[in-house]
Amino acid sequence: MVDYSYLGRSGLKVSPLTLGTMMFGGETDEATSHRIIDKAREQGINAIDTADGYAKGASEEVVGRGIKANRDHWVLSTKFANPRGPGPNQRGQSRKWIIESVEASLKRLGTDYIDLLYFHRSVFDAPLGEAVRALGDLIQQGKLRYFGVSNFRGWRIAEVSQLADQFNIDRPIASQPLYNIFNRQAEAEQLPAANYYGLGVVSYSPLARGVLTGKYAPGQAAAADTRAGRADKRILETEWRPESIALGQKVADYARGRGVDPVHFAIAWVLNNRLLTSTITGPRTEAHWDSYIGALDVKLTAEDEAFINDLVPTGHPSTHGFNDPSHPVEGRVPYSVPGVVPALPIERAVREAVVA
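Residues numbered from 1 in each chain as written. Predicted model: local features only at pLDDT ≥ 70, side-chain atom pairs only at ≥ 80, totals over all residues. Heavy atoms only, no water.

Visitor: Where do I start with the packing of aromatic side chains in this structure?
Guide: Within this structure, the stated rule accounts for nine aromatic pairs. Summarising the aromatic geometry, the rings of Tyr179 and Trp269 are spaced 5.4 Å apart at their centres and angled 40° between planes, so their arrangement reads as tilted. Highlighted residues: Tyr179 in the loop between strand 8 (174-176) and helix 6 (190-197) and Trp269 in helix 9 (residues 262-271), separated in sequence by 90 residues. The buried category is assigned to Tyr179, whose relative accessible area is 1%. With a centroid separation of 5.7 Å and 65° between ring planes, the pair formed by Tyr254 and Phe265 is classed as edge-to-face. Pair noted here: Tyr254 is in helix 8 (residues 242-257) and Phe265 is in helix 9, with a separation of 11 residues, a long-range link. Of note, Lys13 hangs over the ring of Tyr6, and the distance from its end group to the ring centre comes to 4.8 Å. The aromatic ring of Phe167 is capped on one face by Arg133, whose charged end is 4.8 Å from the ring centroid. (Phe/Tyr/Trp six-rings, centres within 6.5 Å; stacked < 30°, edge-to-face > 60°. Helix = DSSP H or I, 4+ residues; strand = E, 2+ residues; numbered from the N terminus. Buried < 20%, exposed > 50% of the residue type's maximum accessible area, 1.4 Å probe, protein only. Lys NZ or Arg CZ within 6 Å of the ring centre and 35° of its normal.)

Have a look at this one:
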């Protein structure tokens, strides 16, 4: 049995696990992808997440064909802002590109509407107001049902919500941050901001790109069939750190001592937060998906929470210096780096001009 929750202040209900499809159409072939989709639906999962940039668009195509027979069952999410060509306007968050990317996603997905469209990332020097208005127009046209934000800091969540109010558009209903035992930075601003402005939280990478499974041993080479063993760019530039590997073993040993699978424990920890609505679990294999679903049967204790808090303090990363180059920190703009202009003054100027 799955307990569904409202996504933010919307009337939309989603399952606690969202099926992530980043590997579909790439590392995961179409037949396997469709088996996973069908199994997840039979288990009561109703949320599925893709993006226009996953597998160069192939993920959307595979997902579209996989859910076609049961389209209305699924809360289908995809994203925009990713580069899809060499041109300067084939990316980002201009009205032109948002409309073009949505039309392309609809075609690849083989559907006439998207339930939830996310900004995939912050574009620091682009105005947010233009994008919010474009999304409002697409909702009015029936091509989108809702929109959300991904990898947005707390102030951007507030800004988008306030712009929606200003333009008489429904606020975003979801925020999608990185959030797991090793990466608790979202607790400082992103989760409270989402809660205050009425956004549900659909976090990603609950297993810290696999490090929290306990399958990596300190000082040893990664197995060839693992994400690190395949030299996956994203894990190598983020979680593949000696300190993280050692901590992953500590968490896995603790979970096993409790009689709990480390995968189940890590996912259950993420879900044991009232500010969370759902978390994205992205399998590469059918066995991976089978290992995720059992997390819904795990209940954490106060002792479990205390163990993790001692290991990784609230609101902090697990290791000094952790950063994700795909979603950089924007609060340092040296004069020696020309052409980088923070977006907030642009938005403030636009808002003040509208008011005036």
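That was the structure; now back to the text.
Visitor: Explain the nonpolar core here, please?
Guide: The nonpolar side chains of a soluble globular protein tend to be buried with one another. Counting residues in each nonpolar core, the largest one holds 78 residues, and the members touching the most others are Phe119, Ile181 and Trp289. It is helix 9 that contributes the most residues to this core, seven residues altogether. Apart from the residues within four sequence positions on either side, Trp289 is in contact with Leu17, Leu19, Ile36, Lys39, Ala40, Gln43, Ile45, Thr281 and Pro283. Membership of the second largest hydrophobic core comes to 14 residues, among which are Ala47, Val75, Ala174 and Leu178. (Core = buried A, V, L, I, M, F, W, Y, C linked by side-chain atoms within 4.5 Å. Contact = heavy atoms within 4.5 Å.)

Visitor: Can you help me understand helix 11 (residues 302-311) in this one?
Guide: If you check which residues of helix 11 are buried, you get Asp304, Ile308 and Leu311. Projection of helix 11 onto a plane perpendicular to its axis shows the buried side chains occupying an angular sector of 60°, all on one side. In helix 11, those exposed residues whose orientation departs by more than 90 degrees from the buried face are Ala302, Glu303 and Asp310. (Arc of directions from axis to C-beta.)

Visitor: Is there a simple way to explain the packing of helix 3 (residues 95-109) against helix 4 (residues 128-140) in this structure?
Guide: Here helix 3 crosses helix 4 at 35°, and the two axes come no closer than 9 Å. Classified by chirality, the crossing of helix 4 by helix 3 is right-handed. The segment helix 3 lies against helix 4, with Arg95, Ile98, Ile99 and Val102 engaging Glu130, Ala131, Arg133, Ala134, Leu135, Asp137 and Leu138. Here the contact of helix 3 with helix 4 is composed, by residue class, of seven nonpolar, no polar and four charged. (Axes fitted to C-alpha atoms, helices over the stretch in contact; angles between N-to-C directions. Left-handed = near helix turned anticlockwise from the far one by under 90°. Nonpolar A, V, L, I, M, F, W, Y, C, P; charged D, E, K, R; others polar.)

Visitor: In this structure, what is going on with the sheet that holds strand 8? I would like to understand it.
Guide: Pairing between sheet strands relies on hydrogen bonds along the backbone, with the strands arranged either parallel or antiparallel. In spatial order, the strands read 3-4-5-6-7-8-9-10; together these eight strands close into a barrel with parallel pairing. Each strand of the sheet is rotated relative to its neighbour by a mean of 30°, with strand direction disregarded. One ladder, built from three bridges, connects strand 3 (residues 17-20) with strand 10 (residues 278-281); its direction is parallel. Note that in strand 10 the partner of Leu19 across the bridge is Thr281. The sheet strands contacting helix 4 are strand 5 (75-80), strand 6 (114-119) and strand 7 (144-150), and the helix crosses strand 7 at an angle near 155°. This element, helix 10 (residues 286-293), spans strand 3 and strand 10 of the sheet and lies at about 170° to strand 3. (Pairing = 2+ DSSP bridges.)

Visitor: In this structure, what is going on with the pairing of strand 10? I would like to understand it.
Guide: Remember that side chains alternate between the two faces of the sheet whenever the strand is regular. Residues Ser278 and Ile280 of strand 10 are buried on one face, and the alternating residues Thr279 and Thr281, pointing to the opposite face, are buried as well. Where strand 9 (residues 200-204) lies against strand 10, three bridges are found, and the strand directions are parallel. Looking at strand 10, one finds that Val202 is bridged to Ser278.

Visitor: It is not clear to me how unusual backbone geometry should be interpreted in this structure. Could you clarify?
Guide: Most peptide bonds adopt trans geometry, and most residues besides glycine take a negative phi value. If you check the backbone angles, Ser205 has positive phi at about 60° while not being a glycine. With respect to the secondary-structure elements, Ser205 resides in the loop between strand 9 and helix 7 (233-236).

Visitor: Would you mind going over the confidence of the model for the protein chain with me for this structure?
Guide: Reading predicted coordinates in detail is not appropriate for stretches of low pLDDT. Overall, the prediction assigns the protein chain a mean pLDDT of 92, with 94% of residues at 70 or greater. Predicted confidence for residues 348-356 stays below pLDDT 50, and this span has three contacts to residues more than four positions away or in other chains. (pLDDT = per-residue confidence, 0-100.)

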